[in-house]
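As a plain string of letters, each chain reads:
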Amino acid sequence: MCDQQDLSVEGQQLFSPAEKHGLFQRDRGRRPALTRLPAIQEGKNVTVLLHLECKLSDYTEAEVLPDSFPSAPAEPLPEFLLEPEDAFIVKNRPVQLRCRASPATQIYFKCNGEWVNQNDHITRESLDQITGLVVREVDISVSRTQVEELFGLEDYWCQCVAWSSAGTTKSNRAYVRIAYLRKNFEQEPLGREVRLEQEVLLQCRPPEGMPAAEVDWLKNEDVIDPSQDSNFLITIDHDLIIKQARLSDTANYTCVARNVVAKRRSSTATLIVYVSGGWSSWTEWSECNARCGRGWQRRTRSCTNPAPLNGGAFCEGPPVQRVTCTTLCPVDGGWTEWAKWSACGTECTHWRSRECQAPPPINGGKHCSGSMMESKNCTEGLCARSKSPVSLAPGMGVAVYTGLVVALLLSVIMVLCVGVLAYRRRCRHLHGDITDSSSALTAAFHPGNYKPPRQDNPHPLHPSAPPDLTATAGAFRGPLFSLQQGVNDSPHKIPMTTSPLLDPLPSLKIKVYNSSTLSSLELPADMCISDGEILSLKSVGTVGRDREYPSHTLSREPGLSTSATLGNLGGRLTIPNTGVSLLVPPGTIPQGKFYEMYLIINKWDKTTLPSEGSQTVLSPVVSCGPSGMLLNRPVVLTLPHCAQLDTPTPDWTLTLKTQTHQGAWEEVLTVGEETLSSPCYLQLEEECCHVLMEQLGTYGLVGQSCPPQPACKRLQLALFAPRAPCLSLDYSLRIYCIHDTPHALKEVLDLERSLGGVLLEDPKPLLFKDSYHNLRLSIHDIPHSHWRSKLLAKYQEIPFYHIWSGSQRPLHCTFSLERGSLAVSQLTCKICVRQVEGEGQIFQLLTDIQETLPPHSPLPSGGSCLPSSQVGPYAFRLPDSIRHKICASLDAPSARGCDWRLLARSLGFDRYLNYFATKPSPTGVLLDLWEACHQGDADLVSLATALEEMGKSEVLVVMTTDGDC
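Residues numbered from 1 in each chain as written. Predicted model: local features only at pLDDT ≥ 70, side-chain atom pairs only at ≥ 80, totals over all residues. Heavy atoms only, no water.

Novice: Tell me about unusual backbone geometry, residues and numbers included.
Specialist: Residue Pro211 is reached from Met210 by a cis peptide bond, and omega for that bond is 0 degrees. Secondary-structure assignment places Pro211 in the loop between strand E16 (209–210) and strand E17 (214–219). With an omega of -5 degrees, the peptide bond between Ala358 and Pro359 qualifies as cis. Relative to the helices and strands, Pro359 is located in the loop between strand E26 (349–353) and strand E27 (373–377). Within the chain, Asn220 stands out as a residue other than glycine whose phi angle is a positive 55 degrees. Within the element layout of this structure, Asn220 appears in the loop between E17 and strand E18 (222–223). (Helix = DSSP H or I, 4+ residues; strand = E, 2+ residues; numbered from the N terminus.)

Quick look at the structure:
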């Protein structure tokens, strides 16, 4: 019989009593069977020598054992009916681990390689009714302290070991971990604006947690179920995908993470599904607006297919198309001459006929009025109709016919005479020229020819054609001087006299200066003469001096234009209170030539905007001319703009555009992308830009956002109210949203002045971001006891595209109020203006509507005092002598680099030096640009400081001596 021996290695027990019980079988005559050895800790290389000594007392070595021994039926290995599962400790609550096995004589838990104390086991035993085998179930409890005390990288684990007579079986490991969920999401969803039917991806990375958090998506606080709406898809990474964005998908989306510990919510992401506008079909072409001759046809379309929604882009392209058309002029019919009388009939009458063929009526002309046939008695009443023939006296018929022939001959002669006179008079009308005797006021003027226009010409001139300077008749009252007929003058010219034909024309006064000055015209206030006529009448010079008569057809609005006659000395044109000016440096106009130069701000409703696509207009559209004139050096055009440029990174892509003669806009240059072929240079400042150009025309500055940052426009908010006293119960407040430029503010002030409005306080600035969000206006804190608002909605909005494109001006919202009685005069309220998800402003209004407010203008006080035009040296701050010496000192290249390049860097004009390098005098162009940049505060200190830093002491001496620095 074999004895159980203690099996140990280095003093450590390898088997528990139960295990040792299984190692040795006490059945008689059977050798000891080793079932399983428990696992020895990893990292120990131990050799176990197991020596089993069995004392066989019943048998000797000589005795022979029997072939078989009686035994009980074989017992199967334990099988686990329930294995322990992974568990998480929530806060300080312990977890229960359970396992169940059959058949099992013993079950114990082992955690992290160590046997759990037998007293910590809760064991239950039952009998399987079907198999009759013993079923054992055991529970243990694991606390948070036990898990936290584990040292090492491996998680806390436990497993069951079950014994039977056939051996042992181990369960799977069950891991016990401490549950938690962090507060911060690794990635939260971000709000977006997407177009209709676009795929949308909203990303979400839940906080770190144990167990890993489950993620749900909420749409307006409702759980999204992809099985219910196939347009949604939640990925394995917890991202939400909207396959095709619908208008109904515009909502607030929230990512929710949860596990056994807690639930976390991400920040809400607002998804806006916008609809970009689409053009409707073109309408039919309208009828030609000219009933006779050349005219226009137009057709329109609207941005309603679909209409822009939720900040969607407005349709690109023009809403109106125009084409030229020619309508055939209607020709009224005219009678031909009467035919000869017919022979005298038996009824004593004869007849004659005529036709409506001289000319025939065509193109809707009127038909001839009158009868086609005429009849009368052919015997002067001598022939009487009777049944019996009446015989004439002998010789009476011959006399009658002779008289008729003579009368007919006299009629023909008279008609011929009248026709000849009419023909001669018509020829004189068509070919005669009238000599303007006013040209003889001085010997320096040559006679001017004025041809009266043909009155029967039904075809108007083409609008783009220059005005016919010979088609204007001028009349000059007062004594006229005799004219000497030139060699080349037509002999048909008629000298002007005191003929009454000229009396109806208004009077003109002519001022004539010497050869070094200019001539001008004084026109009566009630006289309306076109620009082309003014330009044609203005003349300059002495004998032999060249004269130019440029012309343009742009309309001039009061306060939006200026003009002056400039020559070689140059000058400056300024439109007061608008920030627009044109600097013509000395030497720009060739010697001996004079031009009538003009500067015009085009009204928004009378011009095509230069912006297209996502571009926005940043400056007024300005025309300077005359176009096509020869310039010896660049002029400087100053334009105010409303782009916000004080950001550290460039947010704008700025482009200068010019308008062609056909009305289309072309890019001149993009700031930062200049090349040697660029015809202009643009110096950009915070509130205006200065354009060096050698070709006059129509210009405008546009811009668009430079990704990834959205650009901002500077706007002004101006609040107006009716002029006191208010005699009605109704009262309205108007808020204008305009560009932050002097011209835009002046335009609104002039408009409100005509409407009887008054500015309540200085305009407030507002930065408007290229974010597709509208501008929202609302009124608050109205004293409801005395006032009520007629506005039903809580707020008003100006669409984003209307502001960004600048296509509609001026933009404003009106708040209509009504007071309780005429005795109420005090009004207090608050008006909030802000861009959705952007910046805003608040007007705190406290006013007495019956009190007459003093005139208030936010325009610069000295702005209106600046002359609109300055001619000659007085237009420039830098004297001509100093200019020449500075140019002579800096134009030549210097080995030390102390030349015009260093001056450009000192003045901040060094963005693209190659433009100045191509000019004959780079320093002169730099000084012209300096004059334009310092128009209002042009002292020589800044220039002297730059020259001092360059070490140009000799130039400083000249400036100190000749200048006023």
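Next, the rest of the story.
Novice: Describe the state of the cysteines, and please don't skip the residues or the numbers.
Specialist: Considering all chains together, one arrives at eight disulfides under this definition. Here Cys204 pairs with Cys255 through a disulfide, and the sulfurs are 1.9 Å apart. One quick way to see it: the torsion about the S-S bond of Cys204 and Cys255 is about -75 degrees, and its sign makes the bridge left-handed. Of this pair, Cys204 sits in the loop between strand E15 (200–202) and E16 while Cys255 sits in strand E21 (residues 251–258), placing them 51 residues apart in sequence. One exposure class covers both Cys204 and Cys255, and it is buried. Paired by a disulfide, Cys292 and Cys329 hold their sulfur atoms 1.7 Å apart. Sign of the S-S torsion, about 90 degrees for the bond between Cys292 and Cys329, identifies this disulfide as right-handed. (Disulfide = S-S within 2.5 Å. Buried < 20%, exposed > 50% of the residue type's maximum accessible area, 1.4 Å probe, protein only.)

Novice: Which residues make up the packing of aromatic side chains, and what are the values?
Specialist: Taken as a whole and judged by the stated rule, the model has 15 aromatic pairs. Seen in terms of ring centroids, Trp279 and Phe314 are 6.4 Å apart; in terms of plane orientation they differ by 85 degrees. Their pairing is edge-to-face. Pair noted here: Trp279 is in the loop between strand E23 (269–274) and strand E24 (293–300) and Phe314 is in the loop between E24 and strand E25 (320–327), with a separation of 35 residues, a long-range link. Taking the relative accessible area as the measure of exposure, Phe314 reaches 29% and is therefore partly exposed. Between Tyr681 and Tyr915 the ring centres are 5.7 Å apart and the planes differ by 25 degrees, which places this aromatic pair in the stacked class. Here Tyr915 lies in helix H9 (residues 913–917) and Tyr681 lies in strand E42 (residues 681–684), a separation of 234 residues in the sequence. Tyr681 gets classed as buried once you look at its relative accessible area, which sits at 1%. Look at Tyr915 and you get buried, because its relative accessible area is 4%. An aromatic cluster is defined as three or more aromatic residues linked by ring pairs; in this entry it consists of Tyr274, Trp652, Phe768, Tyr772, Phe800 and Trp804. (Phe/Tyr/Trp six-rings, centres within 6.5 Å; stacked < 30°, edge-to-face > 60°.)

Novice: For helix H11 (residues 941–950), give the residues involved together with the corresponding values.
Specialist: What H11 keeps buried is the set Leu943, Ala944, Ala946, Leu947 and Met950. Around the axis of H11, the buried residues are gathered within 160 degrees of arc, so they sit on the same side. Of the exposed residues in H11, the ones pointing more than 90 degrees away from its buried face are Glu948 and Glu949. Phi for Gly951, located one or two positions after H11, is positive at around 80 degrees. (Arc of directions from axis to C-beta.)

Novice: I'd like to hear about the packing of helix H7 (residues 880–890) against helix H10 (residues 922–933), residue by residue, with values.
Specialist: At their nearest, the axes of H7 and H10 sit 9 Å apart, and the two run at 135 degrees to each other. The angle between H7 and H10 places the two elements in the oblique class. Packed against H7, whose contacting residues are Arg883, Ile886, Cys887 and Leu890, the element H10 presents Thr923, Gly924, Leu927, Asp928 and Glu931 at the interface. When the residues that make up the contact of H7 with H10 are grouped by side-chain class, the tally is four nonpolar, two polar and three charged. (Axes fitted to C-alpha atoms, helices over the stretch in contact; angles between N-to-C directions. Parallel < 35°, antiparallel > 145°, perpendicular 65-115°, else oblique. Contact = heavy atoms within 4.5 Å. Nonpolar A, V, L, I, M, F, W, Y, C, P; charged D, E, K, R; others polar.)

Novice: Tell me about the nonpolar core, and name the residues and values.
Specialist: Counting 71 residues, the largest nonpolar core has Leu582, Met597, Leu599, Leu637, Leu733 and Ile831 as its most contacted members. The contacts of Leu637, once residues within four sequence positions are left out, are Ser581, Leu582, Leu599, Val622, Cys689, His690, Val691, Met693 and Tyr699. By size, the runner-up hydrophobic cluster in this structure holds 33 residues, among which are Ile886, Leu907, Leu943 and Leu947. (Core = buried A, V, L, I, M, F, W, Y, C linked by side-chain atoms within 4.5 Å.)

Novice: Give a description of the packing of helix H8 (residues 900–907) against H11 that names residues and reports values.
Specialist: Between H8 and H11, whose axes approach to 10 Å, the crossing angle comes to 130 degrees. As far as their axial angle goes, H11 and H8 are oblique. Considering only the axes of H8 and H11, their crossing is right-handed. Facing Leu902, Leu903, Ser906 and Leu907 of H8, the residues of H11 in contact are Leu943, Ala946, Leu947, Glu949 and Met950. The class makeup of the residues in the contact of H8 with H11 is seven nonpolar, one polar and one charged. (Left-handed = near helix turned anticlockwise from the far one by under 90°.)

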